[in-house]
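Chain residues, written in single-letter form:
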Amino acid sequence: MNTHPTPTDAGWAFAEEDEVGSAVSRFLADRPTTPRVLALGEPIHGEEIFPRLRNHVLRQLVAHHGYRSIAIESDAATGPLVDAFVTEGAGTLDEALEHGISHGWGASPANRELLAWLREFNRDRPAGDRVRCYGFDGSVEISEAASPRPALTALHRFLAARLDAATLPHDLETIDRLLGPDERWSDPRAALDPARSVGSAPEVARLRLIADDLTTLLAAQAPRLAAAGSPDEWWRARLHGRTATWLLRYHTAMADPSLDRMERLVRLRDAWMAENLVAVREREDRRGPTLVFANNVHLQRAESSMTLHWPGPLDGRVLRWWSAGALLAGRLGAEYAFLASAFGAALHLGLDVPPPDTVEGVLAAHPDPGLVIDAAHLADLVAGLRPREAGNPRHGYFPLDPATLAGTDGILFVDGLPRRS
């Protein structure tokens, strides 16, 4: 006998896949405060159904709720290439996907669909009414981090073109010499071996001071610099400053030989994500709210955690950190809303129908394929439930943890995942 809570018409809004946007609209209508950021999470990367649901939601938000921007879990530094395509038609769709979307997500059919739709929507609209597309992740992979050269040199050139030479505290030749060859920055072996990281080199310490000096100058000369060019140029200059500063912090942390190294890295990454999202909201504040899409663990208000499955002394170590969403929610309060996503069976991942004493099991007990649960009813789900087994760690699946539901405003549930073709 199932003694766990079951859905009721009072607390659950049901939706077929094509009606998910409408379900989210009803969710927003019931909120006392209109969110400036609606964060939509996914429980696993690489399953096309979740970014496709994101696309359905975005179209509804743009059409009926005034949303004019979306930020996805992709490199913020390459995001302007995507935005130039969708807003201005610069370059081609293939170029935007290949060079503007990081982490391999440019190959996603759902991301191709997203960019194609944004370009078509924006084609004949005035500039102020176009939907912008941002990346908000750092220039990092799980195995490596990028060279700070592009960001640091672009920031220096921006400043040098607008300020007297005597004002600049550093020259480009010195920066280039300290950076050295780019290959030293992106050694994938550094993920498991901190001794292979460039981050402990004395040149990196000097580059961190240089980046700090240049970003400080950027802030101190903001009125002059912002007025000297276009708003887009000013936006990109600040993005270059953030990217260079956070990349150098990240590389320094990669060289940390202690067992706390990986926890420090995940904390840095989400703090970096949060700063990128703050910048997006500052730019978009007068134009409308923003839809943010990323893994649930990057967006939930509750403390995030993951268990490492790596060879060596880090295997089995539990990492805990505050997500970008938690950090952003601390600034926005009720103007931040988070919808997590979850799924039932996924046979191609070795995951059968979830047990009834898990959150996913309770959701799977209802025959409808998708639903949004209001936060007021989430508390009824927690008592007596346990987290679902995640299966093969290589899949990168994060089941819903009953202990974190208090920081979730709702759940978008998919009964089962289609087998990958």
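Criteria and thresholds
- Residues numbered from 1 in each chain as written.
- Predicted model: local features only at pLDDT ≥ 70, side-chain atom pairs only at ≥ 80, totals over all residues.
- Heavy atoms only, no water.
- Buried < 20%, exposed > 50% of the residue type's maximum accessible area, 1.4 Å probe, protein only.
- Helix = DSSP H or I, 4+ residues; strand = E, 2+ residues; numbered from the N terminus.
- Core = buried A, V, L, I, M, F, W, Y, C linked by side-chain atoms within 4.5 Å.
- Contact = heavy atoms within 4.5 Å.
- Axes fitted to C-alpha atoms, helices over the stretch in contact; angles between N-to-C directions.
- Parallel < 35°, antiparallel > 145°, perpendicular 65-115°, else oblique.
- Left-handed = near helix turned anticlockwise from the far one by under 90°.
- Nonpolar A, V, L, I, M, F, W, Y, C, P; charged D, E, K, R; others polar.
- Phe/Tyr/Trp six-rings, centres within 6.5 Å; stacked < 30°, edge-to-face > 60°.
- Lys NZ or Arg CZ within 6 Å of the ring centre and 35° of its normal.

The name given to the chain in an unreviewed UniProt entry is Erythromycin esterase family protein, and the organism recorded there is Streptomyces millisiae.

**Quick word on helix α1 (residues 20–29)**
In terms of residue burial, α1 counts as a mostly covered element, since seven of its ten residues are buried. When we look at burial in α1, the residues that qualify are Val20, Gly21, Ala23, Val24, Ser25, Phe27 and Leu28.

**What to know about the nonpolar core**
Grouped together as the largest cluster of nonpolar side chains are 44 residues, with contacts concentrated most on Leu38, Leu115, Leu291 and Phe343. The element contributing the most residues to this core is helix α2 (residues 49–64), with seven residues. Beyond its immediate chain neighbours, meaning those up to four positions away, Leu115 contacts Val82, Phe85, Val86, Leu93, Ala96 and Leu97. With 34 residues, the next largest nonpolar core counts Ala71, Met273, Leu332 and Ala340 among its residues.

**Focus on the environment of Met273**
If you trace the backbone, Met273 turns up in helix α11 (residues 261–284). A C-alpha to C-alpha distance of 9.3 Å links Met273 and Leu328, two positions 55 residues apart in sequence.

**A look at the packing of α2 against helix α5 (residues 109–122)**
At a minimum axis distance of 8 Å, the contact between α2 and α5 shows a crossing angle of 20 degrees. As summarised for this structure, α2 and α5 are arranged roughly parallel, according to the angle between their axes. For the pair α2 and α5, the sense of crossing is right-handed. Facing Pro51, Arg52, Arg54, Asn55, Leu58, Arg59 and Val62 of α2, the residues of α5 in contact are Pro109, Ala110, Asn111, Glu113, Leu114, Trp117, Leu118 and Phe121. Its residues placed into classes, the contact of α2 with α5 shows nine nonpolar, two polar and four charged.

**Brief notes about the packing of aromatic side chains**
For the coordinates displayed, the defined rule picks out six aromatic pairs. With centroids separated by 5.5 Å and ring planes inclined at 70 degrees, the aromatic side chains of Tyr134 and Trp235 adopt a geometry described as edge-to-face. Remark: Trp235 occurs in helix α10 (residues 231–254) and Tyr134 occurs in strand β4 (residues 132–137); sequence separation between them is 101 residues. Trp235 carries the same exposure label as Tyr134, and that label is buried. The structure contains a cluster of three or more aromatic residues connected by ring pairs, namely Phe50, Phe343 and Tyr397. A cation over a ring is seen here: Arg125 above Phe121, with NZ or CZ 3.9 Å from the ring centre.

**Details of unusual backbone geometry**
Glycine aside, a negative phi is what most residues show, and trans is what most peptide bonds show. Although it is not a glycine, His103 adopts a positive phi angle of roughly 60 degrees. Mapped onto the fold, His103 is located in the loop between α4 (93–100) and α5.

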